[in-house]
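Take a look at the letters that make up each chain.
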Amino acid sequence: MGKKQVKVMLTAFRDGFQSVYGARVLTKDYLPAIEAARAAGINHFEAGGGAMFQSLFFYCNENAFKTMDQFRKVAGPDANLQTLARGINIVALDSQSRDIVNLHAVTFKKHGITTIRNFDALNDVNNLIYSGKCIVDAGLQHEVVVSMMALPPGMTGAHTPEFYEATLRKILDSGIKFNSVCFKDASGTSTPQTVYDTMKKARAMLPAGTKVVFHSHDTAGTCVAQYRAALDGGADQLDLSMAPVSGGTCQPDIISMWHALRGTDYDLGIDIDKMLIAEEVFKDCMKDYFVPPEAKAVEPMIPFSPMPGGALTANTQMLRDNHQMDKYPEIIKNMKEVVSKGGFGTSVTPVSQFYFQQAFNNTMFGPWKKIAEGYGKMVLGYFGKTPATPDPEVVKICSEQLKLQPTTEDPLDINDRDPNKGSKAAKKMLQDAGITDMSDENVFIAAACKEKGIAFLKGQAKVNIRYNEKKEEKAAATSAPKAAGSAGYTVSINDKKYTVAINGNSATVNGKTYTVNVKEGIESASAASGGAGSDASSTIVKSPLPGLVLRLSVNVGDSITSGNELLVLEAMKMETPVNSPVSGTITSIDVKQGDQVTSGQVLIGIN
């Protein structure tokens, strides 16, 4: 009997980028690698969706729809291009109204996508019914998902082979149309035995010929064992990546898996010599990008605090942006309690982000002192039904802080009547910003990306990509033209070199540009911190944490009362309002929208 042909989807250009670079990669840099992978026999690519949608607008100043078009052009007309969707959250962190869920499928089909993998982090099948229907109605292939992870040791109540069997039974009973079924373990924590048992149960339940896919990450160091167990249990397809975005937080390397299957009855069907060439091409494409050390490492703590590979580096990149990377070990430790009390939603976006945000808040502000909105809404039922009942005390705290009552209502019904969601609200955002192009794409960008999507469409987006030091030094040296008033310096602090180029009111430090105002002499502490228009009677409002100024809610001269919102900061994908501690008149605003601020930095003066 001949070998079993194992189908492969190459994840390097979506999940690989998300897991290593926090999805901050310019499209033009990796197009040659797609072509090389195609030459090696790859015809099924993960080509976008998930975090690779928002990140292009947030960090790369690129349009995700145009990236899809470019991907299709290079991959060829017959390639299976697949994207990732989060049920009714689609490619956003928040759940959406029905019209936006449908617009997602329509626009992605328009821009060359073949298949959408559709999952719900809570395994609430109700969240897959309408989103799946939209995918099928748009003429796309629908890959429905059962989301997996292992509960931290000592916890029980979900995420067993029997739990996954029951979830699959609900999918089958719901009548959802699908072309394939994926079992997705974003944290890589399921034991190989659980994977094997789950595949066996699924194969027995599904109609003959149904394609069964298994997806995982190597964050816990057991993914190759998981993949072999999945094949032995009856899986037809594995998700694999390519160096330099393979292993660690990513999927196993396709060449590593090829080697692991040598001498077995399984065959990946690749041209190994051409694949070796493709990996060299890809390594050259990505040579200038900074690789966070945690992205390529096996993390033994992950089974105890299941942080998925696709979210781990996105979060550590944000911690680096906010100069808080030293908090990472404590945040990861605090995730165990957050998971245990949150209802056992699968640690995959957006729930993994909710877990991380709440663990971040518990670290920064004290246990349960500040509830992250996403986490709170999840335990209160606003994203659907959690696999297990959340901790009653945590539910009470979330209800009190968010001023929301627990609900069992369909999230789509809640979202449809929310005046801040849907195409009508998105069009108003565009109109208010002076944007007249009401194309489906722009409406979807506004709905899914909010203020940052509007900033992109107005030409105000900033590139925030981390390159290695050599690349950054070169960029800093060449970023500003030599002209009157410009100067370049190399500054060493604690033996670390920083290249600084100053041009007018801009300074570029290691490739990143900041607005500066340099004056001779040293002002007194009060003068330096007060801002324009402040005096001894002024109240100075300082930033409670590092973050991005997402929007300003007041102007100089406004009269405000105590508790009024002054501005909104964004940190770790969370919005943190900064409210006035006093009543008075705004005398100074020391920051502008889009500024990155540090903890304790002066924001606003009030008289």
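**Student:** So what about the overall build of the chain? Which residues, and what values?
**Tutor:** Along the chain, the regular secondary structure elements total 21 helices and 22 strands. Residues counted as buried form 57% of the 607 residues belonging to the chain. Here the analysis covers contacts within the chain between residues at least 6 apart in sequence; of these, 73% occur between residues at least 24 apart.

**Student:** Tell me about the pattern of salt bridges, and name the residues and values.
**Tutor:** Overall, the coordinates contain 24 salt bridges when judged by the stated rule. Between Arg-14 and Asp-15 there is a salt bridge whose closest N-O contact spans 3.4 Å. Note on Arg-14: relative accessible area 2%, which makes it buried. A salt bridge links Asp-232 to Arg-228, with the nearest nitrogen and oxygen atoms 3.1 Å apart. A residue pair is termed a helical-turn pair when its members lie 3 or 4 positions apart in one helix, as Asp-232 and Arg-228 do in helix H9 (residues 223-233) at four residues. One connected set of salt bridges, linked through shared partners, spans Lys-4, Arg-203 and Asp-236.

**Student:** Describe the packing of aromatic side chains, and please don't skip the residues or the numbers.
**Tutor:** What the rule picks out here adds up to 25 aromatic pairs. Judged by centre distance (5.9 Å) and plane angle (85°), the ring pair of Phe-65 and Phe-108 falls under edge-to-face. You can see Phe-65 sitting in helix H4 (residues 64-75) and its partner Phe-108 sitting in helix H5 (residues 98-110), a full 43 residues away along the chain. The exposure class of Phe-65 is buried, given its relative accessible area of 2%. Accessibility expressed as a relative area gives 0% for Phe-108, which makes it buried. Here the aromatic rings of Phe-354 and Phe-383 are separated by 5.0 Å at their centres, their planes lie at 50°, and the arrangement is tilted. With Phe-354 in helix H14 (residues 351-365) and Phe-383 in the loop between helix H15 (373-379) and helix H16 (392-402), this residue pair connects regions lying 29 residues apart in the sequence.

**Student:** Give me the side chain of Ser-95: which residues, what numbers.
**Tutor:** Tracing the sequence through the fold places Ser-95 in the loop between strand S4 (80-85) and H5. The class for Ser-95 is buried, based on a relative accessible area of 1%. One polar contact links Ser-95 to Asn-415, side chain to side chain, over a distance of 3.0 Å. With near-sequence residues (within four places) excluded, Ser-95 lies in contact with Ile-88, Asn-89, Tyr-382, Phe-383, Asn-415 and Lys-421.

**Student:** Report on the confidence of the model for the chain, specifying residues and quantitative values.
**Tutor:** Detailed reading of predicted coordinates is not advised where the pLDDT is low. Confidence along the chain averages 89 in pLDDT terms, with 89% of residues attaining 70 or more. Counting interchain partners and residues more than four positions distant, the pLDDT-below-50 stretch residues 479-486 has 10 contacts. Counted against residues more than four places away or in other chains, residues 524-534, with its pLDDT under 50, gives 14 contacts.

**Student:** Run through the packing of helix H18 (residues 423-432) against helix H19 (residues 440-457), naming residues and quoting values.
**Tutor:** H19 packs onto H18 with a crossing angle of 25° between their chain directions and a minimal axis gap of 9 Å. Between H18 and H19, the angle falls in the class roughly parallel. Like other packed secondary-structure pairs, H18 and H19 cross with a definite hand, here left-handed. Where H18 approaches H19, its residues Ser-423, Ala-426, Lys-427, Met-429 and Leu-430 are matched on the opposing element by Asn-442, Val-443, Ala-446, Ala-447, Lys-450, Glu-451, Ile-454 and Leu-457.

**Student:** How would you sum up the sheet that holds strand S15 (residues 539-542)? Please name residues and give values.
**Tutor:** Here four strands make up an open sheet; going across it, the order is S15-S22-S20-S17 and the pairing antiparallel. The sheet terminates laterally at S15 and strand S17 (559-560), the two strands that pair on one side only. Summarising the sheet, S15 and strand S22 (residues 602-606) pair through four bridges and their orientation is antiparallel. Bridging across to S22, Lys-542 finds its partner in Val-602.

**Student:** Outline unusual backbone geometry, listing residues and values.
**Tutor:** For the bond from Ala-243 to Pro-244, the omega torsion is 15°, close enough to zero to count as cis. Of note, Pro-244 is situated in the loop between strand S9 (237-240) and helix H10 (254-260). A cis amide bond, omega 5°, links Thr-349 with the succeeding residue Pro-350. One can find Pro-350 in the loop between helix H13 (328-341) and H14. Phi at Lys-403 is positive, roughly 55°, even though this residue is not glycine.

**Student:** Can you lay out the nonpolar core for me, pointing to particular residues and giving the numbers?
**Tutor:** One finds Phe-13, Phe-53 and Phe-282 to be the most contacted residues of the largest nonpolar core, which totals 173 residues. In terms of residue count, the dominant contributor to this core is H19 (nine residues). Not counting the four nearest positions on each side in its chain, Phe-13 is found in contact with Tyr-30, Ala-33, Ile-34, Phe-45, Glu-46, Met-52, Phe-71, Met-242 and Phe-282.

**Student:** Could you give an account of helix H1 (residues 12-21), with specific residues and numbers?
**Tutor:** The element H1 is extensively covered by neighbouring structure, given that 10 of its 10 residues are classed as buried. Within H1, burial applies to Ala-12, Phe-13, Arg-14, Asp-15, Gly-16, Phe-17, Gln-18, Ser-19, Val-20 and Tyr-21. Note on H1: the residue one or two positions beyond its end, Gly-22, has a positive phi of about 65°.

**Student:** Please give an account of H19 that cites residues and values.
**Tutor:** With 18 residues, H19 extends just 13 Å between its outermost C-alpha atoms, more than 12% less than the 26 Å of an ideal straight helix rising 1.5 Å per residue. Residue Cys-449 marks the point of greatest curvature in H19, where the axis turns by about 135°. Counting buried positions along H19 yields 14 of 18 residues, so the element is predominantly enclosed. One or two positions beyond H19, positive phi appears at Gly-459, with a value near 75°.

**Student:** Provide a residue-level description of the side chain of Thr-349, including the pertinent values.
**Tutor:** Locating Thr-349 in the fold gives a position in the loop between H13 and H14. The exposure class assigned to Thr-349 is buried, which follows from its relative accessible area of 13%. Excluding residues within four positions of it along the chain, Thr-349 makes contact with Gln-18, Arg-86, Leu-93, Phe-119 and Ala-121.

**Student:** For the packing of H5 against H19, give the residues involved together with the corresponding values.
**Tutor:** Running from amino to carboxyl end, H5 crosses H19 at an angle of 130°, the nearest separation of the two axes being 10 Å. Classified by the angle their axes make, H5 and H19 are oblique. H5 and H19 meet at a crossing whose hand is left-handed. Within the contact between the two elements, H5 uses Ile-100, Leu-103, His-104, Thr-107, Phe-108 and Lys-110 and H19 uses Asp-440, Glu-441, Val-443, Phe-444 and Ala-447. The class makeup of the residues in the contact of H5 with H19 is six nonpolar, two polar and three charged.

**Student:** Before we move on, could you go through the environment of Lys-452 and cite the residues and values that matter?
**Tutor:** Along the chain, Lys-452 falls in helix H19. Residues Lys-452 and Tyr-59, spaced 393 residues apart in sequence, show a C-alpha to C-alpha distance of 9.6 Å. Here Lys-452 is in contact with Phe-58, Leu-548, Leu-550 and Glu-570, once residues within four sequence places are set aside.

What counts as what
- Residues numbered from 1 in each chain as written.
- Predicted model: local features only at pLDDT ≥ 70, side-chain atom pairs only at ≥ 80, totals over all residues.
- Heavy atoms only, no water.
- Helix = DSSP H or I, 4+ residues; strand = E, 2+ residues; numbered from the N terminus.
- Buried < 20%, exposed > 50% of the residue type's maximum accessible area, 1.4 Å probe, protein only.
- Contact = heavy atoms within 4.5 Å.
- Salt bridge = Lys/Arg side-chain N within 4 Å of Asp/Glu carboxyl O.
- Phe/Tyr/Trp six-rings, centres within 6.5 Å; stacked < 30°, edge-to-face > 60°.
- Polar contact = N/O pair within 3.5 Å; in protein donor to acceptor, adjacent residues only side chain to side chain.
- pLDDT = per-residue confidence, 0-100.
- Axes fitted to C-alpha atoms, helices over the stretch in contact; angles between N-to-C directions.
- Parallel < 35°, antiparallel > 145°, perpendicular 65-115°, else oblique.
- Left-handed = near helix turned anticlockwise from the far one by under 90°.
- Pairing = 2+ DSSP bridges.
- Core = buried A, V, L, I, M, F, W, Y, C linked by side-chain atoms within 4.5 Å.
- Expected span 1.5 Å × (residues − 1).
- Bend = angle between axes of the 7 residues up to and from the residue.
- Nonpolar A, V, L, I, M, F, W, Y, C, P; charged D, E, K, R; others polar.

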